[in-house]
Amino acid sequence: MNPLDWDPVAFIGVYFLLLTIVGPVAWLLPRLLRPDGRTQKLRDPDSLAYLAGREARFADTVATRMVATGVIAVEGKALRPAGATAGTGAERAVLALRAPFRWDAIAFALRPEASALHRRLISAGLLLDSDERRRLRLLAIAPYLALLLFGAIRLFSDIARGGPLFVLSFMMLMTLIPMALRWRFVSDQTRAARAAVKEARRENQRLRRAPTLRESDLAVALFGTSVLAGSELAAFYALRHPHNSSEGPNSSGSCGSSCGGDSGCGSGCGGGD
């Protein structure tokens, strides 16, 4: 039977049913069609930090390493030079700031370094370039677009016939919400990137509980700054989490502190699937 001739209630029922099916399909497609990238083992804390939590985690990792190696020191709610020599371009970018360093200034100063790291990770086959991510996003929202087309054909038919419009129009508007969310939360990580972070976390589970000063940047890169609570770098943890500084490493500070929802508890801040 022609859907254009269906009873309005029946059409809305079918549309709603299709909406419940389209959602899981839209979330599954990127998992199935995500590019493989280039499989590799990562040991670089900065690269792992960026993959796990993007700019915020990268900044936390760089600052943790600088505090641990005596390049900077915590001074109340800020940081200051402590005498040791910077070892990387990111560290030199921080030291170029006027002391004492506020955290927002550090994060801003590290943005160019994070952008350069982003480009290197694309070249390494760990992140998708803009065109690849756009194609993956379009694949992810394709089921929603098909459903909207289905609804639009019926809507224009109803307009021509002077039929009811409100409920179908409302349902189509409601379809735009999950479609927009799906577009927003398509990760730009390749399969290789996800595997590299997962493997690094598996091999370094001990760092969740007892990272040494030498290991502190890798621990933060993989699991977030919560691993510093109660450690020799507890002052830096308190600076980054003033409201949670009295809590232990298993507190809520371990999740969501660095990148809006994944600070050591999931696969990374790439933004979903």
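Residues numbered from 1 in each chain as written. Predicted model: local features only at pLDDT ≥ 70, side-chain atom pairs only at ≥ 80, totals over all residues. Heavy atoms only, no water.

Visitor: Looking at this structure, how should I read the side chain of Arg 182?
Guide: Considering the arrangement of structural elements, one finds Arg 182 in helix H7 (residues 166–184). In this structure, Arg 182 is in contact with Ala 26, Trp 27, Pro 30, Ala 140, Ile 141, Tyr 144 and Asp 273, ignoring residues within four places of it in sequence. (Helix = DSSP H or I, 4+ residues; strand = E, 2+ residues; numbered from the N terminus. Contact = heavy atoms within 4.5 Å.)

Visitor: It is not clear to me how the packing of aromatic side chains should be interpreted in this structure. Could you clarify?
Guide: Each aromatic ring pair is summarised here by two numbers: the centre-to-centre distance and the angle between the ring planes. A full pass over the atoms with the stated rule returns three aromatic pairs. When the ring of Phe 166 is compared with that of Phe 170, the centres are 6.4 Å apart and the planes differ by 20°; the resulting orientation is stacked. Of this pair, Phe 166 and Phe 170 both sit in helix H7, four residues apart, which is roughly one turn of the helix. When the ring centre of Phe 11 is taken as reference, the NZ or CZ atom of Arg 154 above it lies at 5.0 Å. Over the face of the ring belonging to Trp 27 we find Arg 182, whose NZ or CZ atom lies 3.7 Å from the ring centre. (Phe/Tyr/Trp six-rings, centres within 6.5 Å; stacked < 30°, edge-to-face > 60°. Lys NZ or Arg CZ within 6 Å of the ring centre and 35° of its normal.)

Visitor: Please explain H7 as it appears in this structure.
Guide: Residues that lie three or four places apart on an α-helix share one face, since the helix turns once every 3.6 residues. Between its terminal C-alpha atoms H7 stretches 28 Å, which fits the 27 Å expected from 19 residues at 1.5 Å a residue. Those residues of H7 that fall on the buried side of the exposure criterion are Leu 168, Met 171, Met 172, Thr 175, Met 179 and Arg 182. Down the axis of H7, the buried side of the element spans an arc of 95°, and every buried residue falls inside it. Opposite the buried face of H7, at more than 90 degrees from it, the exposed residues are Phe 166 and Leu 173. Where H7 is buried, its residues contact helix H1 (8–33) and helix H6 (130–161). (Expected span 1.5 Å × (residues − 1). Buried < 20%, exposed > 50% of the residue type's maximum accessible area, 1.4 Å probe, protein only. Arc of directions from axis to C-beta.)

Visitor: Even after reading the chapter, I still don't get the nonpolar core, so can you show me in this structure?
Guide: Core analysis: the biggest nonpolar cluster contains 46 residues, and Leu 48, Leu 51, Phe 58, Leu 79 and Leu 110 have the highest contact counts within it. When contributions to this core are tallied by element, the ones reaching two or more residues are helix H2 (45–68), helix H3 (89–95), helix H4 (103–109), helix H5 (111–123), helix H8 (191–203), helix H9 (216–223) and helix H10 (234–240). Leu 19, Ile 141, Leu 148 and Met 172 belong to the second-largest nonpolar core, a separate cluster that totals 16 residues. (Core = buried A, V, L, I, M, F, W, Y, C linked by side-chain atoms within 4.5 Å.)

Honestly, it's all geometry; don't read function into it.
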